[in-house]
Each structure stands twice: as C-alpha cells, then as structure tokens.
Amino acid sequence: MYRRLSVSLRDLLRENTIDRVDNRVLLMHITGFNHAKLIAYDDYILDSAQLERYHQLLTRVKNGEPLAYIVGYKEFYSRQFKVTPDTLIPRPETELLVEQALEKAPSGAKILDLGTGSGCIAITLKLERPNLSVIAVDKFAATLEIARRNAANLHAEIELVYSDWYSELEARKFDIIVSNPPYIEHNDQHLEALSFEPQAALTDFADGLSCIRNIVNLSQRYLLPDGWLMIEHGYNQGATVREIFINNGLSEVVTVRDYADLERITLGKK
C-alpha cells in the first residue's frame, strides 16, 4: 500500500479510525514523547521505521487487541502499571474500589487485596496512604510476578503472597479486605470482546458469583472486629451480592454506584 514518505505527528494525530486517546498513546509509545511533547512537536516527521511500526501496531488495535497489551502498560489512578496477557487490564471503575477503601481505612490499617492481578489496587492503596499495611495475593505465579514488578517500579512496599484466595493466609486478620474477582457469567456475550484478556480473571466459568460467594463466606474469619469487606461486581449483580453479604452476617451493607451510575461496589462491615 502506498504511503507518503513524509508524515508528521500532526498528520497521524488526525487519524480517526481508532479512539483519539488511544491514538495518542500509540504515538507516544512509538516516539518516546510524553503527552506535552507530542502536542508541542506535532511537526515532528516520523522516520521510516517509526512509521512502519505505527501502522503495524495500528492494525493490531483495529483487529481488537487491547492497546494496553500492545504498549505494555495501563494508567490507573494517574500511575502507569505494567500489564501483560497474564493480567487483567485495570478499569477506571476499579478506582472506585480504591476510593472506598481509602475512605474506610483507619491509620495503619491492615488491608488484604484478593486476586491482585497487576497489583493496581494494592499498590495504589499503599502509595496513597504509606502507613497502610497491604498484602496482595494471587493464585497465578506469572500474574503475581507482574504485580511484584509493578510494586518495585512504583516503590510500593507491599507483601505479595502466592495464594488461592485465603488459602495461604493462616490466622491473619485485616481491617479491610478488597477484591475485584472474576464475576462475568460464563455465557455473557461481553466475554467475546474480551478474548485477549485472561479468561480466569474475568469469569468463574459458572454463574459469575461463585468467587464472590467464596470470598464472602470466609471473610468473617479474616476480618478484624468492625472490619470491612469490599467487592467489585457486575452492574446487574448488586441485589444478589447484597443478599450474599447479609446472609453471611455482614452489617451496614450498601452498594456504591460507579461513574456511569451502575451498581459496582458492595461493602459490608463485620
């Protein structure tokens, strides 16, 4: 296919076949420019290798591959987190879970993040409140290694534990337990659009509630008195998750809506 020999950033910033923000991230990845430099030097002419690389990666984006996996990171709470196909890509809605934990956590609180993935929740909590004691667990070694690298890169002193939910935590107890577990039902049509991401981080291959039930059922054993459990779930699962919380003896149960006004985070107190 014929391409012009001299193509500027300005030309490519006008590319409208993918999301505008994604296109900027792609160009920053190709050039090594930050956002300010990308705009200030929009007359920069890409060399042939950069231009070819851009079109290769643009094709991958158009074919549905997540941009975060292509560039190797995703922004969460204004920080860059390394992501790979071994980790779920952090979503803006999950920032709400962090905000709820920060709001409820007393000074020096002990926090457990179940199924940490990239580590974005645990690491963010520690960096926002350095006096918190944070433990993050995951049952996949490759995933836990990405969380470890993110913690090191962002200088977050958290404890990482290889554990299937609570299995390796012995008699530890926490002020707050947070989790963004797999909650998509096995036959949900949205899974097809998420085929590049680890399916075990998205779905329980059942009704979407089995991991949530497991976490809630055992939570009382690991929560300190007046401790809080906070779980992210699907937009249509709020009523059922509240019922699971209440049936397991949690009080002050409430569901918080996300930025799209959808039920997203349910929390309850021991």
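Break down the state of the cysteines for me, citing the residues and quoting the values.
Summed over the entire model, instances satisfying the criterion amount to zero disulfides. Left without a disulfide partner, Cys211 is nearest to the cysteine sulfur of Cys120, which lies 17 Å away.

Any chance you could break down the environment of Leu102 for me, citing the residues and the numbers?
Looking at the secondary structure, you find Leu102 in helix α6 (residues 94-104). Distance in space between the C-alpha atoms of Leu102 and Arg129 is 7.8 Å, their sequence separation being 27 residues.

Any details on the packing of aromatic side chains? Residues and values, ideally.
To describe a pair of aromatic rings, one takes the distance between the centres and the angle between the planes. What the rule picks out here adds up to four aromatic pairs. A centroid spacing of 5.1 Å and a plane angle of 65° characterise the contact between Phe33 and Tyr44, whose relative ring orientation is edge-to-face. Here Phe33 is found in the loop between α2 (20-31) and α3 (35-40), whereas its partner Tyr44 is found in the loop between α3 and α4 (48-62), with 11 residues between them in sequence. Centroid distance Tyr166 to Tyr222: 4.4 Å. Interplanar angle 5°. Geometry classified as stacked. Here Tyr222 lies in helix α10 (residues 210-222) and Tyr166 lies in the loop between β5 (159-162) and β6 (174-179), a separation of 56 residues in the sequence. For Tyr166, a relative accessible area of 2% gives the class buried. Among the aromatic residues, those joined into a cluster by ring pairs are Phe76, Tyr77 and Phe81. Here the basic side chain of Lys37 rests over the ring of Tyr41, its NZ or CZ set 5.8 Å away from the ring centre. The ring of Trp228 carries the charged tip of Lys104 above its face, separated from the ring centre by 4.3 Å.

Conventions we followed
- Residues numbered from 1 in each chain as written.
- Predicted model: local features only at pLDDT ≥ 70, side-chain atom pairs only at ≥ 80, totals over all residues.
- Heavy atoms only, no water.
- Disulfide = S-S within 2.5 Å.
- Helix = DSSP H or I, 4+ residues; strand = E, 2+ residues; numbered from the N terminus.
- Phe/Tyr/Trp six-rings, centres within 6.5 Å; stacked < 30°, edge-to-face > 60°.
- Buried < 20%, exposed > 50% of the residue type's maximum accessible area, 1.4 Å probe, protein only.
- Lys NZ or Arg CZ within 6 Å of the ring centre and 35° of its normal.

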